[in-house]
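Coordinate inspection notes
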Amino acid sequence: MSYADLRELHSALNTASDIAYALESQPTPEEAGQIVDALRRALDAARALGAAHGATGCSLHPKGAVDPLYGDKEDPLPPGWGRCLLCNDARRRAGAQRRGGR
């Protein structure tokens, strides 16, 4: 178990809890979807606590952080990118270098 895995679990559970306690009536489909997404993140994080590759699913960075954009429907990651923030950040930097950025 890594600190990053545990932090991801706490974050997902807190998000689901915050959304649920903010409800004052029947949830809208969007609110229900947000709760389901947060609970799925929590379930994935809980499963990763004992997994060999941690929450990232990455063999290089098994105890690394999960990219916060992973699973974001409004700002999705490019196809083929995983959950590992360190690997995705390296991809972002390489893409910026190819485009002439920093």
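Values in this document were obtained by computation on a predicted structure and should not be read as measured data.

Reading guide: rules and limits
Residues numbered from 1 in each chain as written. Predicted model: local features only at pLDDT ≥ 70, side-chain atom pairs only at ≥ 80, totals over all residues. Heavy atoms only, no water. Helix = DSSP H or I, 4+ residues; strand = E, 2+ residues; numbered from the N terminus. Buried < 20%, exposed > 50% of the residue type's maximum accessible area, 1.4 Å probe, protein only. Contact = heavy atoms within 4.5 Å. Areas by Shrake-Rupley, 256 points an atom, 1.4 Å probe, with all protein chains shown as cover. Polar contact = N/O pair within 3.5 Å; in protein donor to acceptor, adjacent residues only side chain to side chain. Phe/Tyr/Trp six-rings, centres within 6.5 Å; stacked < 30°, edge-to-face > 60°. Lys NZ or Arg CZ within 6 Å of the ring centre and 35° of its normal. Axes fitted to C-alpha atoms, helices over the stretch in contact; angles between N-to-C directions. Parallel < 35°, antiparallel > 145°, perpendicular 65-115°, else oblique. Left-handed = near helix turned anticlockwise from the far one by under 90°. Nonpolar A, V, L, I, M, F, W, Y, C, P; charged D, E, K, R; others polar. Salt bridge = Lys/Arg side-chain N within 4 Å of Asp/Glu carboxyl O.

On to the overall build of the protein chain. Along the backbone of the protein chain there are 3 helices and 0 strands. Secondary structure elements of the protein chain occur, N-terminal to C-terminal, as α-α-α. Taking the principal axes of its C-alpha atoms as reference, the protein chain extends roughly 50 × 30 × 20 Å. Out of the 102 residues belonging to the protein chain, those deemed buried represent 25%. Within the protein chain, counting contacts between residues at least 6 apart in sequence, those at least 24 apart form 43% of the total. Only carbon and sulfur atoms are counted for the fraction: they give 55% of the accessible area of the protein chain, which is about 7,100 Å².

Take the side chain of T56 next. Locating T56 in the fold gives a position in the loop between α2 (29-48) and α3 (85-98). Only 2.8 Å separates the side chain of T56 from the backbone oxygen of H61, close enough to count as a polar contact. In this structure T56 touches H61, P62, G64, A65, V66, R83 and C84, once residues within four positions along its chain are discounted.

One pass over the structure, following the stated rule, counts 0 aromatic pairs. Above the face of the Y70 ring, R83 is positioned so that its terminal group lies 5.8 Å from the ring centre.

Another aspect to go through is the packing of helix α1 (residues 3-22) against α2. Two elements in contact, α1 and α2, have axes whose closest approach is 8 Å; the angle formed by their N-to-C orientations is 160°. Taken together, α1 and α2 sit at an angle that is classed as roughly antiparallel. Crossing geometry of α1 relative to α2 is assigned as left-handed. Across the interface between the two elements, D5, E8, L9, S11, A12, L13, T15, A16, I19 and A20 from α1 touch E31, Q34, I35, A38, L39, R41, A42, A45, A46 and A48 from α2. Per-class residue counts for the contact of α1 with α2 are 13 nonpolar, 3 polar and 4 charged.

The full count for this structure, using the stated rule, is 4 salt bridges. Across the salt bridge formed by E8 and R41, the nearest N and O atoms sit 3.0 Å from each other. Here E8, found in helix α1, pairs with R41, found in helix α2; they are 33 residues apart in sequence, far enough to count as distant. Relative accessible area serves as the criterion here: at 17%, E8 is assigned to the buried category. Note that R93 is salt-bridged to D89, the shortest N-O span being 3.1 Å. Of this pair, R93 and D89 both sit in helix α3, separated by 4 residues, roughly a single helical turn. Judged by its relative accessible area of 48%, R93 is partly exposed. According to the relative accessible area criterion, D89 is partly exposed, its value standing at 33%.

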